[in-house]
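Given next are the chains, with one letter for each unit.
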Amino acid sequence: MVAGGVMTSAPRKQALAPDGTHPPIKALVCAAAAVSAIGGLIFGYDIGGSGGTFTMKGFREQMDWPPVPTDGAEEPGFVTDEIGWITSLFALGAVAGSIPSGWFTDKIGRKYSIILYSVVFTIAAVIMGCANSVHMLYAGRFIGGIGVGGLSMASTCYQSEIAPESIRGLLVALQQLSITFGIFLAALANVGLKTWSEGWRFSYCGNGFLSFALIILMMFCPESPRWLYKVGKVEQARAVLHKVRQDYEVDMEMDLIAEQEKEAQLAAQHHWSDLFKAANNMRYRTLVGIAITSFQQLTGINAIMYFAPVIFSDFLSTDMALIANLILMFVNFISTFITIACVDKYGRRSLLAYGAAGMTVTLLVVCLLSSDLADYKNDAAVSWTIVGFCALYVVNFAFSWGPVGWIVPAEIFPLDLRGKGMSLTTSANWLWNFIIGKVTPELLRQDRLDLWGTFLFFAAWCIIMFVFTMLYVPETRLVALEEIDNVVSGFRRLPLSTRATKARLAPEDQLPSRPRDITDKLGDTSPYNAGSVEMAPGV
Ligand code: BGC
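Just so we're clear, the structure is a prediction, and the values are computed from it rather than from any experiment.

**Comments concerning the packing of helix α12 (residues 282–298) against helix α17 (residues 401–412)**
Piece 1. The N-to-C vectors of α12 and α17 enclose an angle of 165°; their axes lie 9 Å apart at closest approach. Relative to α17, the element α12 is oriented roughly antiparallel. Crossing angle aside, the handedness with which α12 passes α17 is left-handed. The segment α12 lies against α17, with R285, V288, G289, I292, T293, F295 and Q296 engaging W401, G402, G405, W406, V408, P409 and I412.

Now the structure itself:
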């Protein structure tokens, strides 16, 4: 379980339609899809919106910043500092917002938690849209982060509880797509808004319209049947199930909910320190999980997601820098489709290793091209080659450490400690996200690492990640979540290939060699669950 009550556990029995097919999906379930998609868009827009504003004339005037430096001149130190805070306070807010989210979703329910966090985000959007000083913007970014952090947990929880098993994977995939689409939308908006002196306000608050729409939409959605059951409203839970499932599915689903409740109670008996015990290889699993989600940020992906317009304006006009940024964000969005198509065809280890190698090579090329060896500021061909290699770098991230960086940590924990393990690994990711957002503008300064040095820094991390993957990441492809214990515990040597992994499983433990349902792959493991904390049942 990652987000409260969201458990990907044993493959479930599912009621079938009288003709043996999957039961038809009721229209109301589409609300769950819409909720998760809107939540993802809000999240993505926040990641992709701010970067483009730092070079907008109207924004700089409002913030009392001097015009964008030209001819290789440097931003004043205070501007670099403020850029870092505006960017990173969002990630810090997301950590703060996710911490009490488990409590809220248990106390007031999934539906009203979504409404609550959407209200928080909408207020933040108004603050950001009306900001007349950098401090007001800081406040808006932090509060907006709280809204997004809580919303991501609450809406993931809601959609996974209201959607039938058969389309849950689709919804998770939709979330991933909507995050990257949100990033792309923000980049697109920035291109359109750049010449309007007040346009930057929409780069920050445009998604406030989405959160407002979410408040209205949620008013018409039913509460999660699982939560209703949990708080003892069994008949109401049954009534909701009749609205969102076919009648012949209801009894089986009620049994399932009761079963899941028992699992959740078992999980709640564990203590956090159990994650670091030597028994059952828990310490190893936890450290690998933390390393993977931390490394995901140390690839430097958010240096690009947050600051590509700033980086590119060093050698392109500010207008062209926004276009180049748009291209990258489009590539990121499109590459997500590749991931969904191939993530289960190849082992996790090979994807991580190829991704780390690909990112190392592309970053090193960018490093060379932006060093003194090339006249990149005056040579358009070199400038656009840099943009091209940045795009290749994004592709390499998007098929590897982007998704797999979330999948493996979710797979290596035993079921009863998965919630706590995922909370810890996800928080580590958000903390690094905050640090990268804050320090990257400093690293980019010519008197610090400069552009080439910053790329070299991240390339060095990618090399470390490659070695780490080869030495420490077990192959978990084609292993049912319930059998993972047999793969990672009790053995001195780790299984480093799909074949070695399968050899560890007793024949009766092995899954048929078919790709598991996408829910098992991506379910509850997406960045959309950012910073989520486990909900103790009955809190
Ligand atoms: C990461 C985010 C990043 C996004 C880019 C996710 O997997 O966790 O930090 O912004 O990918 O697509």
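**Some thoughts on the site of the ligand**
Piece 1. Around the ligand, the structure places 12 residues, and the nearest of them are Q296, Q297, N302, N332 and W406.
Piece 2. The side chain of N302 places a nitrogen or oxygen atom 2.7 Å from an oxygen atom of the ligand.
Piece 3. One nitrogen or oxygen atom from the side chain of N332 is found 3.1 Å from an oxygen atom belonging to the ligand.
Piece 4. Protein chains shield 91% of the accessible area of the ligand, which is 310 Å² for the free molecule.
Piece 5. Among the secondary structure elements, those contributing two or more residues to the shell around the ligand are α12, α13 (301–312) and α17.
Piece 6. Of the residues contributing to the shell around the ligand, the split by class is 5 nonpolar, 7 polar and no charged.

**As for the nonpolar core**
Piece 1. Counting residues in hydrophobic clusters, the biggest one holds 123 residues, and the most contacted among them are F59, I86, F312, L328 and W401.
Piece 2. If one sorts the elements of this core by residue count, α13 sits on top with 9 residues.
Piece 3. Both domains that furnish three or more residues to this core are identified here as domain 1 (24–221) and domain 2 (271–492).

**Let's talk about unusual backbone geometry**
Piece 1. Phi is positive for D64, which is not a glycine, with a value near 60°.
Piece 2. As for its position among the elements, D64 is in the loop between α2 (57–62) and α3 (77–98).
Piece 3. According to the relative accessible area criterion, D64 is exposed, its value standing at 63%.
Piece 4. With a phi angle near 65°, D450 is a residue other than glycine that sits in the positive phi range.

**Some remarks on a nonpolar patch on the surface**
Piece 1. On the surface, I463, F466, V467, M470, L471 and Y472 cluster together into a nonpolar patch covering about 530 Å² of accessible area.
Piece 2. Counting through the fold element by element, V467 comes out in helix α19 (residues 450–472).

**Section: the confidence of the model for the protein chain**
Piece 1. Here the protein chain averages 83 in pLDDT, and 83% of its residues register 70 or above.
Piece 2. Within the protein chain, helix α5 (residues 110–130) carries the highest mean pLDDT (96), whereas helix α22 (residues 518–522) carries the lowest (41).
Piece 3. Contacts of residues 1–12 to residues separated by more than four positions or lying in other chains number 54 contacts, the stretch itself having pLDDT below 50.
Piece 4. Here residues 508–539 is modelled with pLDDT under 50, and outside its nearest four sequence neighbours on either side it reaches 128 contacts, counting other chains as well.

So, how was this worked out
- Residues numbered from 1 in each chain as written.
- Predicted model: local features only at pLDDT ≥ 70, side-chain atom pairs only at ≥ 80, totals over all residues.
- Heavy atoms only, no water.
- Axes fitted to C-alpha atoms, helices over the stretch in contact; angles between N-to-C directions.
- Helix = DSSP H or I, 4+ residues; strand = E, 2+ residues; numbered from the N terminus.
- Parallel < 35°, antiparallel > 145°, perpendicular 65-115°, else oblique.
- Left-handed = near helix turned anticlockwise from the far one by under 90°.
- Contact = heavy atoms within 4.5 Å.
- Near = heavy atom within 4 Å.
- Polar contact = N/O pair within 3.5 Å; in protein donor to acceptor, adjacent residues only side chain to side chain.
- Areas by Shrake-Rupley, 256 points an atom, 1.4 Å probe, with all protein chains shown as cover.
- Nonpolar A, V, L, I, M, F, W, Y, C, P; charged D, E, K, R; others polar.
- Core = buried A, V, L, I, M, F, W, Y, C linked by side-chain atoms within 4.5 Å.
- Buried < 20%, exposed > 50% of the residue type's maximum accessible area, 1.4 Å probe, protein only.
- Domains from an automatic or database assignment.
- Patch = residues over 30% accessible without salt bridge, like charges linked within 9 Å, V, L, I, M, F, W, Y side chains within 5 Å.
- Salt bridge = Lys/Arg side-chain N within 4 Å of Asp/Glu carboxyl O.
- pLDDT = per-residue confidence, 0-100.

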